[in-house]
Amino acid sequence: MCGIIAAATDRSVGKLLVQGLHKMEYRGYDSAGIALHQEDGVAHLRTLGKVNLLEERMIQEKPKGKVGIAHTRWATHGEPSESNAHPHSSKNRVFIVHNGIIENYLALKAALSKKGYLFQSQTDSELIAHLIDSFLNDGKSMIEGMQALKTSLEGAYAIAAIDKEDSNYFYLARNKSPLLLGLGKDEYFAASDPLAIGELTNQFIFLEDGDTAAVSASGLEIFDENQKAVERNVTKIDISAETTSKGNYKHFMEKEIYEQPQAIRNTLDGRIGGEDVLENIFGEGSSKLLAEVKRIQIVAAGTSLHAGRVAANWFSAISQVPTQIDFASEYTYKNPYIDENTLLVTISQSGETADTLTSLRHAKNQSYLGSLTICNVPTSSIARESDFLLLTNAGPEIGVASTKAFTTQLVALMMLAMSIAKAKNVNPKLRTRIVTALRALPEIVEESLKLKKEIQEISPKIAEKDNALFLGRGMFYPIAKEGALKLKEISYIHAEAYPAGELKHGPLALIDENMPVVALAPESELAEKLISNLEEVKARSGTLYVFGDASSNMQIDSGKLMTMPKCDFLLTPILYTIPLQILSYEVALIRGTDIDQPRNLAKSVTVE
Ligand code: G6P
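The structure presented is a predicted model; accordingly, all values stated were derived computationally and were not measured. (Residues numbered from 1 in each chain as written. Predicted model: local features only at pLDDT ≥ 70, side-chain atom pairs only at ≥ 80, totals over all residues. Heavy atoms only, no water.)

Draft legend 1. Quick look at the sheet that holds strand β26 (residues 544-548). Across the sheet, five strands lie side by side as β24-β23-β25-β26-β27; this open sheet has parallel pairing. With one partner strand each, in any of the chains shown, β24 (494-499) and β27 (559-563) form the two edges of the open sheet. Neighbouring strand axes in the sheet, compared pairwise and without regard to direction, differ in orientation by 15° on average. Here strand β23 (residues 467-472) runs beside β24; their pairing, made up of six bridges, is parallel. By the bridge assignment, Leu471 is partnered in β24 with Tyr498. In this fold helix α17 (residues 476-491) packs onto β23, β24 and β25 (517-521), with an angle of close to 180° to the strand it touches most, β24. Relative to the sheet, helix α19 (residues 572-591) contacts β23, β25 and β26, its axis offset from that of β25 by approximately 160°. (Pairing = 2+ DSSP bridges. Helix = DSSP H or I, 4+ residues; strand = E, 2+ residues; numbered from the N terminus. Axes fitted to C-alpha atoms, helices over the stretch in contact; angles between N-to-C directions. Contact = heavy atoms within 4.5 Å.)

Structure below.
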């Protein structure tokens, strides 16, 4: 989704800003632009499409400057086009880039039009430039203008702005959208994503809601929501070039799939010991709180929601606690009833998904026992605003389609199930069994990655189809959903998932030789029933691709049975995710899609 970068330095800023935009490409975007102070005014370039095109324009037009702002846009209001791309300007004097959504933009646009401002775009963002210009005309300084924005703007925003008449500075304002400062030596940066400036500095300041800042190469001033000058804490974060590059892999998604054994080790590291999960792994006082939990409410989106759906089975079987799960986009607006001693659990890779963040903020005013998050980004809003936190420690995930974040979320959620059980003193033997199984998991996942060859054999057959059906039962139904989601996200093949028993209640009508069926058939008490469901597919000439274990004695005439390594049944959902990720990757590779940045999707969805 949209990305902001700004810099004030003593060196040429254009290249530095474009490099930052490249680092944010993974978020998903459709156009890019830059505005920088030059000796004779402001250079303003925008292009529809990839950052490379902006780079080419810059090579032709050679803008030169030391202070500037730049942006990648993911369309919300107005189609992807050059005129809708940021930066937007007001009378070629004030230039702004904006992330977020201005909810009262129609009223503000009407008021500014009445004042004579002409609009060049269909966005909700352009009015911010005009609004600042109108404040300057009223005699305010730039920083006062940035501060005055909050009296007019409703919604979420992170804004960086420059004024042609004030060439040493860029200005910032933040409300509910991430924005941070990076401190260099005689140079300062700002970005909406630390990865954008992670190679320039490891010293960051996270702005708070209502903050504004004036930044030049010689220093910065931050003001809080009451316009009072404030000092904010400096956080050290090391982002190595290695973690944000593809290495020898073709795509980030491929790298992230094969990183999973190590990512899982990192999630477990320091959280299990001896025969149990350790105390207070979700933060000081968490074990005491977990002892009181009577009910769990999970709120998440996309892949993270699938992790929650698997975990609900674990909370019931291991912790003896019932769970309610909601789409983050629905939760806040359904007027939820909150039972006594309910724990709110949010799950988010990015920690910035607007729907999940809104749910968390809404829940803060409700009668929850507390809020706990499973998150991959320590500096994110959700990580910072939750009462308790377990970081998945998967390392930056760049591919839009989530892989290692998902499997590490599952590992973290399993540790949550065990922590609740431990705090309530239930299922001690089961906990010991799971700890042993968790320790063995990275190696078993490593083993499952070797299925690549067999998956490559079936991939061309799926790549030529327009639809696919994924089947699983029990805790494998959410894994089937995750498999279908991966396939549609990156290969654009329409894919659906069903609990296998539901096949006969509708989707069986779709089965013919053009509907490949991918099924998850690990050994379980449901295995026999599942196999009967798969017979129904065979009887209708369906092609079956089954992932099962050595005990699955299935005869498949059309399709293939692929044998998975064995692991403790409770952890098999994590294991069975791996071949589905590889399958979607290999199919997308054949179809030649943009695997790391699939069309229309964004990594971090910061709008509701
Ligand atoms: C987007 C991403 C998905 C992700 C979802 C939730 O749709 O493309 O990969 O699962 O957001 O994101 P979160 O960061 O909250 O896990």
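So, next bit.
Draft legend 2. Structural view of the nonpolar core. Within the largest apolar cluster, 90 residues are counted, with the highest numbers of intra-cluster contacts made by Trp314, Ile318, Leu413, Leu438, Phe470 and Phe547. In terms of residue count, the dominant contributor to this core is helix α14 (residues 404-424) (twelve residues). Each of domain 2 (252-449) and domain 3 (451-591) gives at least three residues to this core. In terms of nonpolar packing, the next biggest core, distinct from the first, is built from 31 residues, Tyr29, Ile34, Ala43 and Met58 among them. (Core = buried A, V, L, I, M, F, W, Y, C linked by side-chain atoms within 4.5 Å. Buried < 20%, exposed > 50% of the residue type's maximum accessible area, 1.4 Å probe, protein only. Domains from an automatic or database assignment.)

Draft legend 3. Seen up close, unusual backbone geometry. Residue His86 is joined to Pro87 through a cis peptide bond whose omega torsion reads 0°. Here Pro87 lies in the loop between β4 (67-73) and β5 (88-90). Phi is positive for Lys176, close to 65°, though the residue is something other than glycine. Positioned with a positive phi, Gln227 is a non-glycine residue whose angle comes to about 65°. Structurally, the position occupied by Gln227 is in the loop between β13 (219-223) and β14 (229-230). What makes Gln227 partly exposed here is its relative accessible area of 39%.

Draft legend 4. Up close: the packing of helix α1 (residues 13-23) against helix α2 (residues 51-61). With their axes 10 Å apart at the nearest point, α1 and α2 run at an angle of 170° to one another. The angle between α1 and α2 falls in the class roughly antiparallel. Taking contact as the criterion, the partners of Gly14, Val18, Leu21 and His22 in α1 are, on α2, Val51, Asn52, Leu54, Glu55 and Met58. Class assignment for the residues of the contact of α1 with α2 results in five nonpolar, three polar and one charged. (Parallel < 35°, antiparallel > 145°, perpendicular 65-115°, else oblique. Nonpolar A, V, L, I, M, F, W, Y, C, P; charged D, E, K, R; others polar.)

Draft legend 5. Broad picture of empty space enclosed by the protein. Tallied over the full model, the rule gives three cavities of 30 Å³ or more. The volume enclosed by the largest cavity comes to roughly 90 Å³. In this structure, the largest cavity is lined by 14 residues; those nearest its centre are Cys2, Trp74, Thr76, Gly100 and Ser125. In this structure, the second largest cavity encloses a volume near 60 Å³. Considering the residues around the second largest cavity, the lining is formed by Val277, Leu278, Glu279, Asn280, Ile281, Phe282, Ser286, Ser287, Leu290, Ser419, Lys422 and Ala423. Counting residues per element, the ones that place at least two in the lining of the second largest cavity are α9 (286-291) and α14. The residue makeup of the lining of the second largest cavity, split by class, is six nonpolar, four polar and two charged. (1 Å grid on protein atoms, 1.4 Å probe; cavity = no way out; pocket = protein on both sides within 12 Å on 5 of 7 lines; lining within 4 Å. Points joined across faces, edges and corners; volume = space filled by probe spheres on them.)

Draft legend 6. Up close: the side chain of Ser90. Note that Ser90 resides in strand β5. Leaving out residues up to four positions away in the same chain, Ser90 has contacts with Tyr117, Ala129, His130 and Asp133.

Draft legend 7. Region of interest: the domain arrangement of the protein. Looking at the protein, the domain boundaries give domain 1 (3-244), domain 2 (252-449) and domain 3 (451-591). A separation of 34 Å is found between the C-alpha centroids of domain 1 and domain 2. Counting from both sides, the interface comprises twelve residues of domain 1 and, opposite them, eleven residues of domain 2. Here domain 1 packs against domain 2, burying approximately 970 Å² in sum over the two surfaces, 59% of which is carbon and sulfur. (Buried area = accessible area lost by both parts, 1.4 Å probe.)

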